[in-house]
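Secondary and tertiary structure notes
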Amino acid sequence: MDISIQASFLPQDDPEAALAFYRDALGFELRKDVGFNGMRWLTVGPVDQPGTSIVLHPPAADPGITDDERRTIAEMMAKGTYASILLGTKDVDATFEQVQATNAEVVQEPTDQPYGVRDCAFRDPAGNMVRIQQVS
């Protein structure tokens, strides 16, 4: 079987702030910027990995979501418990310093975890947890 990850989705409630974080803080390239009915979907990804993307989407754009669900999503995003992503880097300490220098919200400085990885964590402007792990 030959399956790869094409894209993953994270909510964003401020396209400009999301773009500043993913492009300027993490160094991803903007691949698509699509507007529809006053909403924007941004597709970003690592420059050297054109086949892997993150789609930053309006959190409640799906017409099947009820008003109660929209409120719940908004509450969870505000608490930072709605969505997350795990990224990898060869030098987590250097990456942490670069991202921290952009005034990103730090959740955890680089730490050696008891389960065998070294990682750090930030919140993006929408409250999504962005963990970054040391990889070989």
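In this report, we go over the structure that sits alongside the text. What you are looking at is a predicted structure, and each value in this text was computed from that prediction instead of being measured. (Residues numbered from 1 in each chain as written. Predicted model: local features only at pLDDT ≥ 70, side-chain atom pairs only at ≥ 80, totals over all residues. Heavy atoms only, no water.)

**As for the pattern of salt bridges**
With the rule as written, the count across this model stands at 10 salt bridges. The closest approach of N and O atoms between arginine 31 and glutamate 29, which form a salt bridge, is 3.0 Å. Since its relative accessible area comes to 23%, arginine 31 is described here as partly exposed. According to the relative accessible area criterion, glutamate 29 is partly exposed, its value standing at 29%. For the salt bridge of aspartate 33 with arginine 40, the shortest nitrogen-to-oxygen distance reads 2.6 Å. When salt bridges with common partners are traced through the structure, they connect Glu16, Asp33 and Arg40 into a single cluster. (Salt bridge = Lys/Arg side-chain N within 4 Å of Asp/Glu carboxyl O. Buried < 20%, exposed > 50% of the residue type's maximum accessible area, 1.4 Å probe, protein only.)

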